[in-house]
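Below are the chains, spelled out letter by letter.
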Amino acid sequence: MSIVDPDEAARRLAADDPTGWFERLYAAAASGAAVVPWDRGGPHPLLVDWLGERELTGTALVVGSGPGSDAELVAARGAATTAFDISPSAVAAARERFPGSSVDYRTADLLAPADEWRHAFDLVIEVMTVQSLPPSLHPAATASVAGFVAPGGTLLVVAFAASDTDGPAAGPPWPLTRAEIDAFAAGGLTEVAVEWLDHRWRAEFRRE
Ligand SMILES: C[S@@+](CC[C@H](N)C(=O)[O-])C[C@H]1O[C@@H](n2cnc3c(N)ncnc32)[C@H](O)[C@@H]1O
């Protein structure tokens, strides 16, 4: 079994299709020809830790939901949860992995967000999606993520951290700089907390 062809991402980028390789990877994984390297088999530890024991109310949106474990955790805590990924095979795999789930799994593109999702969710969870895109797409992806947050709502971002001394990343992934984390606060969000935890950012924002 091979992981994705190591040149696959670069080829896709060269072909000006920076998101197309995700579907290729998930489709290959579905047939047993690849593994999804970020599939942890459970929710991200920094999300688990952030949630603690709290129960949730209202609506939640999980961005780039991939294997689905983060969405399942948020739903289990009580949020009416929508989760989306650009890869139809990822969405199909999440539905299959969690039969009977209350999560509304959708295929959608962060770079072309649905109008009805604007300012629509009380909690938005973004774990490692923006960093999976080339830096030229980070501003649009970041603005799209922030735009999902409803008035009074919260955004949680988890991403690999680029330090000020790091050179350009070969990517994917392309770790986020502090300035790129701060950019989530554009469009009416305010920073609640930004933590640097073992080369990862965990950042919380709120729309007043
Ligand atoms: C590094 S993975 C992280 C997946 C998941 N958030 C996790 O932590 O396991 C990035 C995910 O973002 C999805 N993705 C990439 N570009 C996207 C886009 N433009 N719109 C929606 N999903 C996207 C990929 O298919 C992939 O599942």
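Residues numbered from 1 in each chain as written. Predicted model: local features only at pLDDT ≥ 70, side-chain atom pairs only at ≥ 80, totals over all residues. Heavy atoms only, no water.

Some words on the overall build of the chain
The line we're drawing: The helix and strand labels rest on DSSP assignments: H or I over at least four residues marks a helix, E over at least two residues marks a strand, and numbering proceeds from the N terminus. Only C-alpha atoms enter the radius of gyration, while the globule expectation follows 2.2 Å times N to the 0.38, with N the number of residues. Type-normalised accessible area, obtained with a 1.4 Å probe on protein chains alone, sets the label of each residue: buried when under 20%, exposed when over 50%, and partly exposed for intermediate values. What makes two residues a contact is simply this: any of their non-hydrogen atoms within 4.5 Å. Each accessible area value is a Shrake-Rupley result obtained with a 1.4 Å probe; residue values ignore everything except the protein chains displayed when judging cover. In this tally, Asp and Glu contribute negative charge and Lys and Arg positive charge; neither His nor the terminal groups of the chain are included. Charge positions come from single atoms, namely NZ of Lys, CZ of Arg, CG of Asp or CD of Glu.
A count of helices and strands for the chain gives seven helices and seven strands. Relative to a compact globule of 208 residues, whose C-alpha radius of gyration would be 17 Å, the chain shows 16 Å and is just as compact. Dimensions of the chain along its principal axes, counting C-alpha atoms only, are 45 × 45 × 35 Å. Burial analysis of the chain (208 residues in total) assigns 44% to the buried set. Considering only contacts within the chain whose residues lie at least 6 apart along the sequence, 62% involve residues at least 24 apart. Summed over its atoms, the accessible surface of the chain is roughly 9700 Å², and 55% of this surface lies on carbon and sulfur atoms. Here the chain contributes 15 positive and 29 negative side-chain charges, whose respective centroids are spaced 2 Å apart.

Some thoughts on the sheet that holds strand β6 (residues 189–196)
For the record, the criterion: Following DSSP output, two strands are said to pair if at least two bridges run between them. To define axes, lines are fitted to C-alpha atoms, for helices over the stretch in contact only, and angles between the resulting N-to-C directions are given on a 0 to 180 degree scale.
Read across the open sheet, the seven strands follow the order β3-β2-β1-β4-β5-β7-β6; overall the sheet is mixed. Each end of this open sheet is capped by a strand with a single partner; those strands are β3 (104–107) and β6. Ignoring which end each strand starts from, the neighbouring axes of this sheet average 15° apart. One ladder, built from seven bridges, connects β6 with strand β7 (residues 200–207); its direction is antiparallel. Counterpart to Glu195 in the pairing with β7 is Arg202. Along the sheet face, helix α4 (residues 69–76) touches β1 (59–63), β2 (80–85), β3 and β4 (121–127) and points at about 170° away from the line of β2.

Let's talk about the packing of aromatic side chains
What counts, and what does not: When the centres of two rings from Phe, Tyr and Trp lie within 6.5 Å, Trp using its six-membered ring, the rings pair. Their planes under 30 degrees apart give stacked, over 60 give edge-to-face, and anything left gives tilted. Working rule: Lys NZ or Arg CZ, within 6 Å of ring centre, within 35 degrees of ring normal, means a charge sits over the ring.
One pass over the structure, following the stated rule, counts nine aromatic pairs. By the ring-pair criterion, three or more aromatic residues cluster together here, those being Trp21, Phe22, Tyr26 and Trp38. The ring of Trp50 has Arg54 sitting right over it, with the charged end atom 4.2 Å from the ring centre.

Digging into the UniProt feature "domain: Methyltransferase" (unreviewed entry) in the chain
Basically, it comes down to this: UniProt positions are given in the numbering used here, feature names are shortened, and annotations may be inferred rather than shown by experiment.
The feature "domain: Methyltransferase" (unreviewed entry), as annotated in UniProt, sits at residues 61–153 in this numbering. From the first C-alpha to the last, residues 61–153 spans 11 Å; its make-up is 30% helix and 27% strand.

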